[in-house]
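Survey of secondary and tertiary structure
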There are 2 protein chains.
Amino acid sequence: MTIIPNLKRRHFLIGTAGVVTSAATGLPALAEGDATALPDYVSWKNADTVIVHTKETLETQRAAQGAELLTPSNSLYVRNNLPAPSDEIVADRDAWEIEFGGVANPTSMTLGQLKTMGIETVVCVLQCSGNGRAFFDHEASGTQWGVGAAGNVAWTGVPVRTVIEAMGGAGDDLPWLTGTGGEVIPEGIPAETIQVERSVPAEVMDRAILAWEMNGEPIPLAHGGPLRLIVPGYYGVNNVKYVKKLAFTAEESSAKIQQSGYRIRPVGEKGAPSQPSMFEMNVKSWITGPLTDAATGKVQIHGVALGGVSAVSKIEVSIDGGETWTEASFIGPDLGEYAWRPFVLGVDLPAGDHVLASRATNAAGDTQPETVEPNERAYGHNGWRAHAVTVTVA
Amino acid sequence: MTIIPNLKRRHFLIGTAGVVTSAATGLPALAEGDATALPDYVSWKNADTVIVHTKETLETQRAAQGAELLTPSNSLYVRNNLPAPSDEIVADRDAWEIEFGGVANPTSMTLGQLKTMGIETVVCVLQCSGNGRAFFDHEASGTQWGVGAAGNVAWTGVPVRTVIEAMGGAGDDLPWLTGTGGEVIPEGIPAETIQVERSVPAEVMDRAILAWEMNGEPIPLAHGGPLRLIVPGYYGVNNVKYVKKLAFTAEESSAKIQQSGYRIRPVGEKGAPSQPSMFEMNVKSWITGPLTDAATGKVQIHGVALGGVSAVSKIEVSIDGGETWTEASFIGPDLGEYAWRPFVLGVDLPAGDHVLASRATNAAGDTQPETVEPNERAYGHNGWRAHAVTVTVA
């Protein structure tokens, strides 16, 4: 077993079921002995392909990401800001209600009604803002994700635009689209301190959907079923689970998760509304195999690449730690600009250690940097060097 | 519950777990009481989305096909000509051996070796030749499939061309590519009477792959893992499971399944090599919802459409039993010419009964016919009228 260079050793070991870290989220960490146990609400996950960090945080193993077109639901990462609601809400899915606001004719609708309005499917990367946190050198709080807080998922639902048009359109001067999650707020806790409510620029309405299916099946409770707001190209937190309200608003949500949470700022600074919010994902890629060792002869170096909000257009691979780069090939059909694309490059590697790296470029011309500046919460790492792996060929 | 028009009542009921029919395959039928029980080797299937016909034949429920981009593995149909081999063969997948013949330098390779040669993913429809058998009026033997012996699947493996080129290319004057399945032939039974060995025109090598993953996971035993030959655009039987030999040959396989099985001929005639073999799929579509009833107001008529060996290019829907047609919209990304595309059309349906039909056209200009001529084994039904559904709006 080889440790990834530049990776905090205490945090992440390839191929293990993960090291238990205390949750910095106020949620209980798992007991030591439960490191590999799947929590009940995700007992249907494939224990062989996930790393259980805490009850609310499961990561897909890097090797299990393979060269996948779509991430199987039972391998997809889980990150819940609050415990999932009771599974009673998925017992009668079509009865789920969502309230709309900031439109000409505000109303509530059931999921059953939404299903009569339109059907669209979008494939997009779902990725936690903190994916790659373990690659930062500073000690940032939060789950120490490697690469596995990301997956490529097909979402089916009704376009938000279709629903809003049916309600007469958005009101004037309401630049934010605010989604409110249906998690239960315990009595005695002020809602805005923990409520999952996120505002995104209203123009994303053009590509957002209200989804009831994930990978061809009703969305599991752990992933936000019965109804989830999907904002393609945006970090996971903006894809509000159990969405119970969607409104065009004059201001961003007053919830802590919007005002000070998920903000990029220098290490040591507190979060504030003036700082950039974790909205658009950046261009990124990583190798998913081989990760530690290979036999001499031909080796298929493979991985996944995403463009963020602009389609990934080029992927290069280096077998010498970034000294030289060779363009690799994408695998399979293009699933759209917000999807990831698996890639592969066949190479002959002589015996010895090799540092393998990948570097993606998107249609807007953005290329992964070699390194990234640290930020307090260790969000958005897309530096290619930290994502490199050292492979021993024998 | 409404019976589909033109459908043999005794054979197929919408929304039920299926009527137990005696298997005409020589394999034991399930006892009456086991109609909904999943056989052990497919205990991981979603019992809510499949119809269990026999131990070797499971169908996806029509409603469960929805408007899916890919068919979830746990809903995908199963049709085994012989019982699956022991699950020992998937305990050490990389050790699986396949022998190659009819090439310049014939050799055997393990799956582990194949994985070093290349990686490709192709999405294609997997469909049993007998899908739609229940829509024929004559009494054909075999499982009485409705529409659910079909799914859209992502297969990952190495292109056959890549492997053959590494062996110096195919020999001259060998027009067939013959794959041999790894099912165990019981002692005392002449192999060619039951051996699953299929020959296809050698030129399909250009698009065939030797697959080890299905929908991003190692291929389950029931679906041909550890290694399956995938021939995009060809009926299911040609996609040999547990493939243990692949050879370019001068003649078609002498196995019964090739010589007389899977041949199109008039009702009452025996199978013979002179008859057309079930190779290329034809253009086809069907509605997957609504199937029986709907509330007044807007209704999203949705289904799936495939082009066969030429990409599906147009899909029309009729709400008046085929008197008039309206072009519907495809849903989500195009997964390639051998994949199906979900489609949708939003309509207002007044109270009353409505016969809903769909009709696909492919890039080659082929359109689904209204009706099809019967054939002895009831293969390849793609008539739009029999696939129509009557929906009661109230």
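Owing to the predicted nature of the structure, the values given are computational and were not obtained by experimental measurement. (Residues numbered from 1 in each chain as written. Chains lettered and ligands numbered in written order. Predicted model: local features only at pLDDT ≥ 70, side-chain atom pairs only at ≥ 80, totals over all residues. Heavy atoms only, no water.)

1. Structural notes on the relation of the copies chain B and chain A
Under the fitted operation, chain B is carried onto chain A by 0.0 Å of movement along the axis and a turn of 180°, and the coordinates agree to an RMSD of 0.0 Å. Within this description, the copies of the chain are treated as partners about a two-fold rotation axis. By C-alpha distance to the rotation axis, the residue of chain B lying nearest is L335(B), at 3.5 Å. Comparing interface residues between copies, 100% of those in chain B also sit at the interface in chain A, which points to an isologous, same-surface contact. (Least-squares fit on C-alpha atoms with pLDDT ≥ 70 in both. Contact = heavy atoms within 4.5 Å.)

2. Things to note about the pairing of strand β6 (residues 120-127) of chain A
Sheet faces and side chains relate simply in a regular strand, where the side chains alternate between the two faces. Residue and element names in this part refer to chain A. The element β6 is largely enclosed, with a buried count of 7 among its 8 residues. Sheet analysis places β6 next to strand β7 (residues 150-159), joined by 8 bridges and oriented antiparallel. Across the sheet, the residue bridging to Q127 is A150, located in β7. (Buried < 20%, exposed > 50% of the residue type's maximum accessible area, 1.4 Å probe, protein only. Helix = DSSP H or I, 4+ residues; strand = E, 2+ residues; numbered from the N terminus. Pairing = 2+ DSSP bridges.)

3. Digging into the pattern of salt bridges
Residues and elements named next belong to chain A. Using the criterion set out here, one finds 14 salt bridges over all chains in the structure. Two residues, E252 and R263, come together in a salt bridge whose shortest N-O distance is 3.0 Å. Of this pair, E252 sits in the loop between β13 (245-249) and α5 (256-259) while R263 is found in the loop between α5 and β14 (284-289), placing the two residues 11 residues apart along the sequence. For K314, the salt bridge goes to E316, with nearest N and O atoms at 4.0 Å. The exposure class of K314 is partly exposed, given its relative accessible area of 30%. Assessed through its relative accessible area of 12%, E316 is described here as buried. One network of salt bridges, with partners in common, ties together R161, E165 and D206. (Salt bridge = Lys/Arg side-chain N within 4 Å of Asp/Glu carboxyl O.)

4. Section: the interface of chain B and chain A
Taken together, the contacts link 29 residues of chain B with 29 residues of chain A. A combined buried area of about 2100 Å² lies between chain B and chain A, and 60% of that area is made up of carbon and sulfur atoms. Our enumeration of links across chain B and chain A arrives at 0 salt bridges. On inspection of chain B and its partner chain A, the count reaches 8 residue pairs in polar contact (both at pLDDT 80 or more). Residue assignment for the side of chain B that touches chain A shows that the elements contributing at least two residues are β6 (120-127) and β16 (297-306) of chain B. Ranked by the residues each element gives to the side of chain B that touches chain A, the list is headed by β16(B), at 4 residues. Taken together, the residues that form the side of chain B that touches chain A break down as 13 nonpolar, 10 polar and 6 charged. (Buried area = accessible area lost by both parts, 1.4 Å probe. Polar contact = N/O pair within 3.5 Å; in protein donor to acceptor, adjacent residues only side chain to side chain. Nonpolar A, V, L, I, M, F, W, Y, C, P; charged D, E, K, R; others polar.)

5. Notes on the UniProt feature "domain: Oxidoreductase molybdopterin-binding" (unreviewed entry) in chain A
UniProt records the feature "domain: Oxidoreductase molybdopterin-binding" (unreviewed entry) at residues 91-255 of chain A, using the numbering of this structure. Between the C-alpha atoms that bound residues 91-255 of chain A there is a distance of 29 Å. The span itself is 9% helix and 32% strand. (UniProt positions renumbered as here; feature names shortened; annotations may be inferred.)

6. Quick word on the side chain of N239(B)
Residues and elements named next belong to chain B. Here N239 lies in the loop between β12 (228-230) and β13 (245-249). For N239, a relative accessible area of 3% corresponds to the buried category. Each residue touching N239, except ones within four places of it in the same chain, is listed here: L126, R228, L229, I230, V231 and Y234.

7. Quick word on the sheet that holds strand β16 (residues 297-306) of chain A
Strand pairs in the sheet, formed through backbone hydrogen bonds, run parallel or antiparallel to each other. Residue and element names in this part refer to chain A. The 4 strands lie next to each other as β14-β16-β20-β19, forming an open sheet whose pairing is antiparallel. Looking at which strands have only one partner, the edges of the open sheet turn out to be β14 and β19 (329-330). Pairing between β14 and β16: 5 bridges, direction antiparallel. Each bridged residue has a counterpart across the sheet, and for I287 the counterpart in β16 is G303.

8. Focus on the domain arrangement of chain A
Residue and element names in this part refer to chain A. By domain assignment, chain A separates into domain 1 (87-259) and domain 2 (284-393). Put simply, the middle of domain 1 and the middle of domain 2, counted by C-alpha atoms, are 30 Å apart. Counting residues at the interface gives 23 residues for domain 1 and 21 residues for domain 2. For the pairing of domain 1 and domain 2, the buried interface totals around 1900 Å² over both sides, and the portion due to carbon and sulfur atoms is 63%. When residues of domain 1 are sorted by the area they lose upon contact with domain 2, F135, F136 and N152 head the list and together hold 28% of the total. Summed over the shared surface of domain 1 and domain 2, the result is 0 salt bridges. The interface formed by domain 1 and domain 2 contains 10 residue pairs in polar contact (both at pLDDT 80 or more). Secondary-structure elements contributing two or more residues to the side of domain 1 that touches domain 2 are β6 and β7. Element by element, the count of residues in the side of domain 1 that touches domain 2 is highest for β6, at 4 residues. Here the side of domain 1 that touches domain 2 is built from residues that sort into 10 nonpolar, 11 polar and 2 charged. (Domains from an automatic or database assignment.)

9. Observations regarding the sheet that holds strand β1 (residues 50-54) of chain A
All names here are of chain A. In spatial order, the strands read β1-β2-β3; together these 3 strands make up an open sheet with antiparallel pairing. Edge positions in the sheet fall to β1 and β3 (78-79), since each of these pairs with one other strand and no more. Examined bridge by bridge, β1 and strand β2 (residues 57-60) share 4 bridges and lie antiparallel to one another. Across the sheet, the residue bridging to V52 is L58, located in β2.

10. Observations concerning the packing of aromatic side chains
Residues and elements named next belong to chain A. Inspection of the entire model under this criterion finds 12 aromatic pairs over all chains. When the centroid spacing of 6.0 Å and the interplanar angle of 80° are considered together, the rings of Y77 and W145 count as edge-to-face. Highlighted residues: Y77 in the loop between α1 (62-65) and β3 and W145 in the loop between β6 and β7, separated in sequence by 68 residues. Here the aromatic residues W176, Y234 and F279 are joined through ring pairs into a cluster of three or more. The residue whose ring lies beneath R359 is W325, and the NZ or CZ to ring-centre distance is 4.2 Å. (Phe/Tyr/Trp six-rings, centres within 6.5 Å; stacked < 30°, edge-to-face > 60°. Lys NZ or Arg CZ within 6 Å of the ring centre and 35° of its normal.)

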